[in-house]
Amino acid sequence: MSDRPKVLLQYLMPKQGMTRFAGRVANAEAGAMTTRLIRWFVKRYNVDMHEAEQPDIASYTSFNAFFTRPLKAGVRPMAQADFVCPVDGAISQFGAIDDHHIVQAKGHRFTTSALVGGDAALAARFRHGSFANLYLSPRDYHRIHMPCDGRLMRMMYVPGQLFSVNPTTARGVPGLFARNERVVCVFDSPQYGPFVMVLVGATIVGSMATVWHGLVNPPRARKTTEWTYADQDIVLAKGAEMGCFLLGSTVIMLFPKDTIGFNPDWSPERPVRLGEEMGQQPV
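Throughout what follows, the structure given in this document is the object of discussion. (Residues numbered from 1 in each chain as written. Predicted model: local features only at pLDDT ≥ 70, side-chain atom pairs only at ≥ 80, totals over all residues. Heavy atoms only, no water.)

## Considering the layout of surface pockets
Let me state the cut-off plainly: Points on a 1 Å grid over protein atoms alone make up a cavity when a 1.4 Å probe fits among them but cannot get out, and a pocket when they form an open set with protein on both sides within 12 Å along at least five of seven lines; lining residues each have an atom within 4 Å of a point. Grid points are joined across faces, edges and corners, and a volume is the space filled by probe spheres set on the points. Helical segments are the DSSP runs of H or I of at least four residues, strand segments are the runs of E of at least two, and each set is numbered from the N terminus.
Here the second largest pocket defines a volume of roughly 330 Å³. Taken together, 19 residues make up the lining of the second largest pocket; nearest its centre are D88, G89, S137, R139 and D140. Those elements that place two or more of their residues in the lining of the second largest pocket are β2 (89–96) and β17 (271–272).

This is the structure:
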């Protein structure tokens, strides 16, 4: 079946209204109704609650508390690698940045400058570099961790659309990841130099949060908002939690040229897990 009808629906849906409504439902503490919703979701998406720090569905007071649940200690060991996968999910695309273009899907590309909110100077640091685009499905663990050690330098909230970021939409909506709202986090690594982690919003993604700021959205600003941290000593170790999605989405990472050689076992659409080897620094 053609993707076109599903993609067309994305343009027609009241995405902002749906997302606001979903956010209210996800934050509601409705007792037995909340428990029933979580139980339905676990069954519908085959969520493995045995990995959760708290496997008892009835213990979660809201859907968001369930959705951002922490994992049991030790269930995601960190690989002995320079760069580790920062999330549970699936690989959308990864590889070399062609000058300043990133592959979204067959026939679709977008620029690093558009992705980071039009900051040409920041984008230039990743010219001919590398990228990885990882999709988190509803069933996945939705906390985001660090691929390597990094010191936080800047964060930007870039307003935008709220298209779904599933593979069907990625194939059909041009410039999807540079059109949706997103949070751009800029780090500097003592070993590997600058890198960027972009948290991309989507339909029904109620909000995105970071460990140093808390909720970034809502409220949803109409223009790009920036915070600078160069005068602060916010350092996160490889594997440390850096943020979360309150209802799933996508993480895109940018690295400078000759910084990372990706795991040879990686391929588009392959499932990945937090802590597995993402790559090594070229010798």
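## Side note on the environment of E181
Where we set the bar: As used in this structure description, the phrase polar contact means that two N or O atoms lie within 3.5 Å; if the pair is within protein, one of them must be able to donate a hydrogen and the other to accept it, and residues adjacent in sequence are counted only when both atoms belong to side chains.
Within the secondary structure, E181 is located in the loop between α8 (176–179) and β8 (182–189). In the structure, E181 is positioned 43 residues away from T224 in sequence and 9.8 Å away in space, judged by C-alpha atoms. Among the polar contacts made by the side chain of E181, one reaches the side chain of Y157 at a distance of 2.5 Å.

## Quick word on the sheet that holds strand β16 (residues 261–262)
Using the following cut-off: Think of it this way: DSSP has to see at least two bridges between two strands before they count as a pair.
One open sheet holds the 3 strands; their spatial order is β1-β18-β16, and the pairing between them is antiparallel. Looking along the sheet, the strands with just one partner apiece sit at the ends: β1 (83–84) and β16. Both β1 and strand β18 (residues 277–280) contribute to a ladder of 2 bridges, which runs antiparallel. Counted as the bridge partner of V84 is E277 from β18.

## As for the side chain of T210
Note the cut-off: Note on exposure labels: buried denotes an accessible area under 20% of the residue type's maximum, exposed denotes more than 50%, and partly exposed covers the range between, all computed with a 1.4 Å probe on protein chains only. We call two residues in contact whenever any of their non-hydrogen atoms come within 4.5 Å of each other.
With respect to the secondary-structure elements, T210 resides in strand β10 (residues 207–210). Classification of T210 as buried rests on a relative accessible area of 5%. A polar side-chain atom of T210 sits 3.2 Å from the main-chain amide nitrogen of H213. Beyond its immediate sequence surroundings of up to four residues, T210 is in contact with M155, C185, V216, M242 and G243.

## Overview of the packing of aromatic side chains
Rules: Ring pairs shown here join Phe, Tyr and Trp side chains whose ring centres sit within 6.5 Å, with only the six-membered ring taken for Trp; geometry is labelled stacked below 30 degrees between planes, edge-to-face above 60, and tilted in between.
Here the structure, examined in full by the defined rule, presents 18 aromatic pairs. Both rings, one in F41 and one in F66, keep their centres 5.8 Å apart while their planes meet at 80 degrees; by these two values the pair is edge-to-face. Taken together, the residues F41 in helix α3 (residues 32–45) and F66 in helix α4 (residues 63–67) connect sequence positions 25 residues apart. The two residues F41 and F66 agree in class, both being buried. Arranged with centres 6.0 Å apart and planes meeting at 75 degrees, the rings of F41 and F67 form a pair that is edge-to-face. A residue pair is termed long-range when its members are at least 10 positions apart, and F41 in helix α3 and F67 in helix α4 qualify at 26 residues. Assessed through its relative accessible area of 7%, F41 is described here as buried. Judged by relative accessible area, which is 2%, F67 ranks as buried.

## So, the pairing of β2
Among the 8 residues of β2, 6 are classified as buried, and the element is accordingly described as predominantly covered. Direction of pairing for β2 relative to β17: antiparallel, over a ladder of 2 bridges. Considered in β17, the bridge of G89 is made with V272. Examined bridge by bridge, β2 and strand β5 (residues 130–135) share 6 bridges and lie antiparallel to one another. Bridged to G95 within β5 is F131.

## Brief notes about unusual backbone geometry
A positive phi angle is found at N46, which is not glycine, with a value near 55 degrees. Assignment of secondary structure puts N46 in the loop between α3 and α4. Not every positive phi belongs to a glycine, and H128 is a case in point at roughly 60 degrees. Structurally, H128 is set in the loop between α6 (120–124) and β5. Since its relative accessible area comes to 39%, H128 is described here as partly exposed.

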